[in-house]
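Overview (structure and organization)
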Amino acid sequence: MDLTYTPEEEEFRARLRQWLGKALPTLPAKPSPDDWPGRRAYDLGWQRMLYDAGYADVHWDASPTIRLIFLEETEKAGAPYVGANFVGLLHAGPTIAAEGSVVQRARWLPPILRGEEVWCQGFSEPDAGSDLASLRTRARRDGDDYVVTGAKIWTSHAEVADWCELLVRTDASAPKHRGITWLAMPMDAPGVTVRPLRTLAGSAEFAEVFLDEVRVPVANRVGEENDGWRVTMVTLSFERGTAFVGEVVACRRVLGELARTARENGRWDDPVVRRRLGRLNAEFRALWRLTQWNVSEAEANGGVPGVGGSVFKLRYSHARQELYDTAADVLGPDCLDLDRPWTLDRLSSLSYTIAAGTSQIQRTIVAERILGLPKGR
């Protein structure tokens, strides 16, 4: 395992830093968190800037190491996060790049890269809980279409999305992991209803999606019919393996700000607080090294992250919660001020042990696929 960077990779880093220094001051003001059409336009505008500068394809047409450098440098520079482009750039796009046909890649990848289309994720369902494979949204074949009926929940950015990466059950008689198909569904199709959900932090980036006899062309199927679970594992490997890289960098930045705040308000004098900050520093340094290890593994496996992403996701979810619990200790009563970004970040951190696969699911993956422990009955 090589955790160092080549001269070519360091040259890419220097060139990217220089471009960010020129590009970021030209950005317009960021819209209100509740202005989703405005946020969509802002996020797509940033993606178009990346495209014009030659950086748009870094998420799937560059080596995992270049992707790592890109995410590290953009976060350090305070560049916009992918925002509404999250699913397209980090989930659906890489999956289509890895599993889609030539025609599918030509149709869907360029608009994502150019900042023209937004995707959402239609995986979770109201009655499935953590068991994604128990989904009940049905799709029956009718000529050249699938006719889809069901409901999805926690559908990221559904209210502003053009497309949905959708999991459906195409064979109810098959074992539950073998009767699933991965479809690309147009969000403007007749029969699609979106109902936004407001989170604990007050934001509404998730939605319920109701599907009533929605017709999706068979040509929109990625992979073979009933092979959707395998395709989904490709999607989730990206979600758990490299999609959180920028957030690790952000947490390390927050940790530094937290230490400075503790020195300013006197909380640094408490040895318990100093010990927690020191342990978190070690934790996030280790997570960064684990990220590099995962990237090295992906490099050797054709760009698709492996099950090591579950180790990372499991530990990162808890470390992020511990970080913002410590922030609450450092801020004291000020941690109740909702105008402080750390307060909202603390609220959102509570979801990380659920989102992208619960911690219980990640522990099962680590136990069975890495440690080789027997499956539970």
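For the structure, see preceding data.
Keep in mind that what you see is a predicted model, and the values were worked out from it rather than measured.

A tally of helices and strands in the protein yields 11 helices and 8 strands. Among the 377 residues that make up the protein, the fraction classed as buried is 51%. Per element, the accessible surface of the protein, about 17,400 Å² overall, is 53% carbon and sulfur.

Moving on, we get to the packing of aromatic side chains. Per the counting criterion, the structure on display carries 7 aromatic pairs. Ring geometry for Tyr81 and Phe86: centres 6.2 Å apart, planes at 45°, overall tilted. The class of Phe86 is buried, set by a relative accessible area of 16%. Their ring planes at 85° and their centres at 5.9 Å tell us that Trp108 and Trp119 sit as a pair that is edge-to-face. Note that Trp108 is positioned in helix α5 (residues 102-113) and Trp119 in strand β1 (residues 119-122), a separation of 11 residues in sequence. For Trp108, a relative accessible area of 2% gives the class buried. Taken together, the aromatic side chains of Phe12, Trp19, Trp46 and Tyr55 make up a single cluster linked through ring pairs. One residue, Arg39, lies across the ring of Trp36, its end atom 4.0 Å from the ring centre.

Attention now moves to the side chain of Asn220. Within the element layout of this structure, Asn220 appears in the loop between β7 (206-217) and β8 (221-222). A polar contact is formed between the side chain of Asn220 and the backbone oxygen of Ala184, at a distance of 2.8 Å. Discounting chain neighbours no more than four positions away, the residues touching Asn220 are Gln104, Trp108, Trp163, Trp182, Leu183, Ala184 and Pro186.

Our focus in this paragraph is the packing of helix α1 (residues 7-23) against helix α3 (residues 64-76). With their axes 10 Å apart at the nearest point, α1 and α3 run at an angle of 30° to one another. Viewed along their axes, α1 and α3 adopt a mutual orientation that is roughly parallel. In the packing of α1 onto α3, the handedness of the crossing is right-handed. Facing α1, whose interface residues are Glu9, Phe12, Arg13, Leu16, Arg17 and Leu20, α3 presents Thr65, Ile66, Ile69, Phe70, Glu72, Glu73 and Thr74.

With that out of the way, let us pick up the environment of Trp229. As for its placement among the helices and strands, Trp229 is situated in helix α6 (residues 228-241). For Trp229, a relative accessible area of 18% gives the class buried. Spatially, the C-alpha atom of Trp229 lies 7.8 Å from that of Trp182, the residues being 47 residues apart in sequence.

In this structure, Ile96, Trp108, Trp119, Leu167 and Trp182 are the most contacted members of the largest nonpolar core, which totals 27 residues. Of all the secondary structure elements, the ones that give two or more residues to this core are α4 (86-99), α5, β4 (163-169), β5 (180-186) and α6. Sorting elements by how many residues they give to this core places α4 first, with 6 residues.

Applying the stated criterion to the full structure yields 26 salt bridges. For the salt bridge of Glu73 with Arg17, the shortest nitrogen-to-oxygen distance reads 2.7 Å. Within this pair, whereas Glu73 is found in helix α3, its partner Arg17 is found in helix α1, the two being separated by 56 residues in sequence. Several salt bridges converge on common partners, so that one network encompasses Glu10, Arg13, Arg17, Glu72, Glu73 and Lys76.

The rules behind these values
Residues numbered from 1 in each chain as written. Predicted model: local features only at pLDDT ≥ 70, side-chain atom pairs only at ≥ 80, totals over all residues. Heavy atoms only, no water. Helix = DSSP H or I, 4+ residues; strand = E, 2+ residues; numbered from the N terminus. Buried < 20%, exposed > 50% of the residue type's maximum accessible area, 1.4 Å probe, protein only. Areas by Shrake-Rupley, 256 points an atom, 1.4 Å probe, with all protein chains shown as cover. Phe/Tyr/Trp six-rings, centres within 6.5 Å; stacked < 30°, edge-to-face > 60°. Lys NZ or Arg CZ within 6 Å of the ring centre and 35° of its normal. Polar contact = N/O pair within 3.5 Å; in protein donor to acceptor, adjacent residues only side chain to side chain. Contact = heavy atoms within 4.5 Å. Axes fitted to C-alpha atoms, helices over the stretch in contact; angles between N-to-C directions. Parallel < 35°, antiparallel > 145°, perpendicular 65-115°, else oblique. Left-handed = near helix turned anticlockwise from the far one by under 90°. Core = buried A, V, L, I, M, F, W, Y, C linked by side-chain atoms within 4.5 Å. Salt bridge = Lys/Arg side-chain N within 4 Å of Asp/Glu carboxyl O.

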